[in-house]
Amino acid sequence: GGNTTSYTLRTPANTLVFLDAGTGMQYALNDLRKHADKVVLALSHTHPDHIQGLAMPNEEGVNPLPWLNKNSAYEGQKVQFIGPAKVLEALRQYYDGQFLWPVPTEWMTSIDFDNRIEAQNNGAYRIDDSTTVRTMYGNHPGATRAVLYSFEMQTNGKRTVVVIAHDNEFDFTGVNEPNPNAEELKDNYAGFISGADLLVADAQYFKQHYLKGEPSE
């Protein structure tokens, strides 16, 4: 039970970042009530549990993010969009009616798909005057690997780093498929999260469950 991933982070320059768009977005959307000077949607990957919240209503019966530019408080404002390689193609595949009632991406008029950032491994992107986003590709099954995000924020000479690094498996690429690059990935991951003030990470399986093809208890 429970909701799938959707966090928010507000930068010192008052940018509101939505990190993934799982079903928890219906609650994360409440943070829009406090006005943000800029809004960013950053997707780690496009498995359904991380994107299905884009079509889910909030407590008031509508999801305002895809149509934020029609909200009087954010009129005309575009949502900056960041995701893995081929992120738009994957979203369109999910939302065109193959998997659920169609909500075409063309209807999501506030999300700036045309100027999207398709994150690179070891990428760095400035999203406002206070914050640089650094990206790394982890290991997660699917057509697009999961992007790990590090938000480096500066305010009054102080640096704060928040790392979002979930859905990342080291030793296996799938059931009974050892990852030949596991040690390199672990080293890169250790360097990526080093110095973080806050790390959000998860783990789903133990080694014995991968080997048996069984979920963890």
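Scroll up to find the structure this text is about.
An account of the accompanying structure is given in this report. No experiment lies behind these values; they were computed from the predicted model shown.

Going through the model one piece at a time under the given rule, you end up with four aromatic pairs. Measuring from ring centre to ring centre gives 5.1 Å for Phe 81 and Phe 113, while their planes differ by 85°; the resulting arrangement is edge-to-face. Taken as a pair, Phe 81 in strand 4 (residues 79-83) and Phe 113 in the loop between helix 2 (87-95) and strand 5 (117-118) lie far apart in primary sequence, 32 residues in all. The burial state of Phe 81 is the same as that of Phe 113; both residues are buried.

Taken in spatial order, the five strands of this open sheet run 1-2-3-4-5, and their pairing is mixed. Only two strands of the sheet have a single partner each, and these edge strands are strand 1 (7-10) and strand 5. The pairing of strand 4 with strand 5 spans two bridges and is parallel. Residue pairing across strands places Ile 82 opposite Ile 117, the latter belonging to strand 5.

Let's shift gears to the sheet that holds strand 8 (residues 147-155). If you walk across this open sheet you meet the five strands as 6-7-8-9-12, and the pairing is mixed. Only two strands of the sheet have a single neighbouring strand rather than two, namely strand 6 (123-126) and strand 12 (198-201). In this sheet, neighbouring strand axes are inclined to one another by 15° on average, regardless of whether the strands run parallel or antiparallel. Sheet topology note: the strand 8/strand 9 (residues 158-165) ladder contains seven bridges and is antiparallel.

Attention now moves to the pairing of strand 3 (residues 38-42). With four of five residues buried, strand 3 lies mostly within the body of the structure. Across five bridges, strand 2 (residues 15-19) lies against strand 3 in parallel orientation. Its bridge partner lying in strand 3, Val 17 is registered against Val 40.

Turning next to the pattern of salt bridges. Tallied over the entire structure, the rule returns six salt bridges. Between Arg 134 and Glu 152 there is a salt bridge, with its nearest N and O atoms 2.9 Å apart. One end of the pair, Arg 134, is in strand 7 (residues 131-137); the other, Glu 152, is in strand 8, and 18 residues separate them in sequence. By relative accessible area, Arg 134 is classed as partly exposed at 34%. Lys 186 is paired through a salt bridge with Asp 171; the nearest N and O atoms lie 2.9 Å apart. A residue pair is termed long-range when its members are at least 10 positions apart, and Lys 186 in helix 3 (residues 182-193) and Asp 171 in the loop between strand 9 and strand 10 (172-174) qualify at 15 residues. Taking the relative accessible area as the measure of exposure, Asp 171 reaches 34% and is therefore partly exposed.

This brings us to the nonpolar core. Counting residues in each nonpolar core, the largest one holds 27 residues, and the members touching the most others are Phe 18, Val 39, Leu 41, Leu 54 and Leu 65. Residue assignment for this core shows that the elements contributing at least two residues are strand 2, helix 1 (25-28), strand 3, strand 4 and helix 2. Per-element tally for this core: the top contributor is helix 2, with five residues. With 19 residues, the next largest nonpolar core counts Leu 19, Ala 42, Ile 127 and Phe 151 among its residues.

This paragraph deals with the environment of Leu 65. Looking at where Leu 65 falls in the secondary structure, it is placed in the loop between strand 3 and strand 4. In sequence terms Leu 65 and Val 79 are 14 residues apart; their C-alpha atoms lie 8.0 Å from each other. Not counting the four nearest positions on each side in its chain, Leu 65 is found in contact with Phe 18, Met 25, Leu 29, Val 39, Leu 41, Leu 54, Val 79, Ser 110 and Ile 111.

Here helix 3 is 12 residues long and its end C-alpha atoms lie 16 Å apart, about the 16 Å a rise of 1.5 Å per residue gives. Of the positions making up helix 3, those classed as buried are Ala 182, Leu 185, Tyr 189 and Phe 192. With its buried residues spanning 85° around the axis, helix 3 presents them on a single face. Among the exposed residues of helix 3, those pointing more than 90 degrees away from its buried face are Glu 183, Asp 187 and Gly 191. Those residues of helix 3 that are buried lie in contact with strand 7, strand 8, strand 9 and strand 12. The first or second residue beyond helix 3 is Gly 195, which carries a positive phi of 85°.

Cut-offs used in this document
Residues numbered from 1 in each chain as written. Predicted model: local features only at pLDDT ≥ 70, side-chain atom pairs only at ≥ 80, totals over all residues. Heavy atoms only, no water. Phe/Tyr/Trp six-rings, centres within 6.5 Å; stacked < 30°, edge-to-face > 60°. Helix = DSSP H or I, 4+ residues; strand = E, 2+ residues; numbered from the N terminus. Buried < 20%, exposed > 50% of the residue type's maximum accessible area, 1.4 Å probe, protein only. Pairing = 2+ DSSP bridges. Axes fitted to C-alpha atoms, helices over the stretch in contact; angles between N-to-C directions. Salt bridge = Lys/Arg side-chain N within 4 Å of Asp/Glu carboxyl O. Core = buried A, V, L, I, M, F, W, Y, C linked by side-chain atoms within 4.5 Å. Contact = heavy atoms within 4.5 Å. Expected span 1.5 Å × (residues − 1). Arc of directions from axis to C-beta.

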